[in-house]
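# Structure assessment
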Amino acid sequence: MEKTYHFIGIKGSGMSALALMLHQMGKKVQGSDSTDFYFTQLGLERAGIKVLPFDEKNITSDVEIIAGNAFRVDNNIEVAYAENNHLGFKRYHEFLGQFMTDFTSIGVAGAHGKTTTTGILAHVMKNLIDTSYLIGDGTGVGHQESNYFVFEADEYERHFMPYHPEYTIMTNIDFDHPDYFEDVEDVFSAFQDYAQNIQKGLFVYGEDPHLRKITSSAPIYYYGLEDNDDYQARHLVRSPKGSSFDAYFRGEEIGHFVIPAYGKHNILNALSVIAVVHTLGLDLEHAADYLLTFNGVKRRFTEKRVGQTVIIDDFAHHPIEIEATLDAARQKYPDREIVAIFQPHTFTRTIAFADEFAQVLNNADTVYLAQIYGSARETDKHEITAQDLADKVRKPARVINVENVSPLLEHDSDRAVYVFMGAGNIDKYEQAFEGILGQLTNNTQ
């Protein structure tokens, strides 16, 4: 009998992407999760993948269990049932490490930017050559005949250690996940260990001082904006229509590239993809055409309009990411008021980076703080509040609740660009605001 892959926590971004990919490869897939809505479930529903409420009855003898990393014996009845009945299961990263051995695999790792970079790489590669891929925004596409596999490699709790890909991109090293890592040197040690797994080549951001210290038995190619980078972007042009640059490999021009994306970080993301394509010997002219058609990934500078009001949705939840998102908003809308609505994600991160959050939020014209979204693992939730963070911001800043987002209406909707940022449930604030805008639009018609 053909086995069924059962995903415990199937709505997780990585889990849903993996489930979709296996489904497209003709595998039998089902999963379980909480009944709360999460944006990844839309793709699962469209694919016809069964999503069940958590229940130990879901664990039957004919399923192969893949458990999300957040679910453990003490917080999930299915994991507890599997453990108590000695039923073997793999975690997401353990399964993925075994799965990728059937392909020429290319990972994307980094404290920031890995989802967008994975998205760009997957988009270009799938158009150049048959490629399966997993993106951390919940996107998974699989073909049994693929030779290449592109995936996102997460450093949290060193989950990328079971991976031994042929190639990997490393976008940066930075201190994050203070609930697990002690400091930036601890993060570096994780990336250094991962670098030893790479078989054929690493593409690392050359202006990152920590990445410059990475060593590996595989060749290392540096990419960036400086002359000592192997792959260098020159003649950068940033405008409200996007960004363009010339790419060089060890002093020799290899092409002119235009991307419909904003912020210096996206130029670097695109350059890393160009470096991979060039090293693999694929067609760079065609790659340039496909870079032009990249539409982004979910929740990374995702833009919509409600009437004349511009709303940007972004996953940014670290100071570096917020800075990049606001920089991109300034590039696209240089003459508009930038209104930042930020939800701090976890109390440990908010405490660790309070001053840095306040500093980068000053890059907006006006700041609103949503209530801190705490982790289920955090027990003491009273060491810092959203108001404490608001008090540190020099620009006008105030705290709002999801039950009342009407203060956001105090801005000229024709001039303001609303940038919602966070990794928790900031979407509820966004939906509440859109609801009010919709009512106002209907009342004026």
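Residues numbered from 1 in each chain as written. Predicted model: local features only at pLDDT ≥ 70, side-chain atom pairs only at ≥ 80, totals over all residues. Heavy atoms only, no water.

This paragraph deals with the packing of aromatic side chains. Applying the stated criterion across every chain, the model contains 24 aromatic pairs. Measuring from ring centre to ring centre gives 6.3 Å for Tyr167 and Phe203, while their planes differ by 35°; the resulting arrangement is tilted. Taken together, the residues Tyr167 in strand β10 (residues 167-170) and Phe203 in strand β11 (residues 201-205) connect sequence positions 36 residues apart. The same class applies to Tyr167 and to Phe203, which are both buried. Ring centres of Phe203 and Tyr221 lie 5.2 Å apart, and the angle between their planes is 15°; on these two criteria the pair is classed as stacked. A residue pair is termed long-range when its members are at least 10 positions apart, and Phe203 in strand β11 and Tyr221 in strand β12 (residues 220-224) qualify at 18 residues. The two residues Phe203 and Tyr221 agree in class, both being buried. The ring of Tyr222 has Arg212 sitting right over it, with the charged end atom 3.8 Å from the ring centre. The ring of Phe188 carries Lys213 above its face, with NZ or CZ at 5.2 Å from the centroid. (Phe/Tyr/Trp six-rings, centres within 6.5 Å; stacked < 30°, edge-to-face > 60°. Helix = DSSP H or I, 4+ residues; strand = E, 2+ residues; numbered from the N terminus. Buried < 20%, exposed > 50% of the residue type's maximum accessible area, 1.4 Å probe, protein only. Lys NZ or Arg CZ within 6 Å of the ring centre and 35° of its normal.)

All right, on to the sheet that holds β11 then. As summarised here, the arrangement of the ten strands in space is β8-β7-β9-β6-β10-β11-β12-β13-β14-β15, forming an open sheet in which the pairing is mixed. Each edge of the sheet is formed by a strand with only one pairing partner; in this case those strands are β8 (139-141) and β15 (252-259). Looking at each pair of strands side by side, their axes are set apart by 15° on average, direction ignored. Pairing of strand β6 (residues 104-109) with β10 involves four bridges; the strand directions are parallel. Within β10, the residue paired with Gly107 across the bridge is Thr168. (Pairing = 2+ DSSP bridges. Axes fitted to C-alpha atoms, helices over the stretch in contact; angles between N-to-C directions.)

Before going further, it helps to spend a moment on the pairing of strand β16 (residues 302-306). Pairing between β16 and strand β17 (residues 309-314): five bridges, direction antiparallel. Note that in β17 the partner of Arg305 across the bridge is Val310. Linking β16 back to β17 in an antiparallel pair, the connection comprises two residues, with Gly307 at a positive phi of about 65°.

Residues Phe7 and Leu96 are the most contacted members of the largest nonpolar core, which totals 121 residues. Beyond its immediate stretch of four places on either side in the chain, Phe7 contacts Met15, Leu18, Ala19, Leu22, Val29, Gln30, Gly31, Ser32 and Ile66. Counting 16 residues, the second largest nonpolar core, distinct from the first, contains Val339, Tyr368, Val405 and Ile426. (Core = buried A, V, L, I, M, F, W, Y, C linked by side-chain atoms within 4.5 Å. Contact = heavy atoms within 4.5 Å.)

On to the sheet that holds strand β21 (residues 416-421), then. Taken in spatial order, the six strands make up an open sheet running β16-β17-β21-β18-β19-β20, and their pairing is mixed. Lying at the two open borders of the sheet, with one neighbouring strand each, are β16 and β20 (397-399). Pairwise comparison of adjacent strand axes, ignoring direction, gives a mean angle of 20° for this sheet. Relative to β20, strand β19 (residues 366-369) runs parallel, the two sharing three bridges. Looking at the pairing, Leu369 lines up with Val399 of β20. The sheet strands contacting helix α11 (residues 354-361) are β18 (337-342), β19 and β21, and the helix crosses β18 at an angle near 155°.

Along an α-helix, residues three or four positions apart point the same way, because every turn accommodates 3.6 residues. Among the residues making up helix α8 (residues 284-291), those that are buried are Leu284, Ala287, Ala288 and Leu291. The arc that holds the buried residues of α8, viewed along the axis, is 105°, so those residues lie on one side. The inward-facing, buried residues of α8 contact α5 (114-128), β15 and α7 (264-280). Put simply, Asp283 is the residue that caps the front of α8, since its side-chain oxygen is 2.9 Å from the backbone nitrogen of Glu285. (Arc of directions from axis to C-beta. Polar contact = N/O pair within 3.5 Å; in protein donor to acceptor, adjacent residues only side chain to side chain.)

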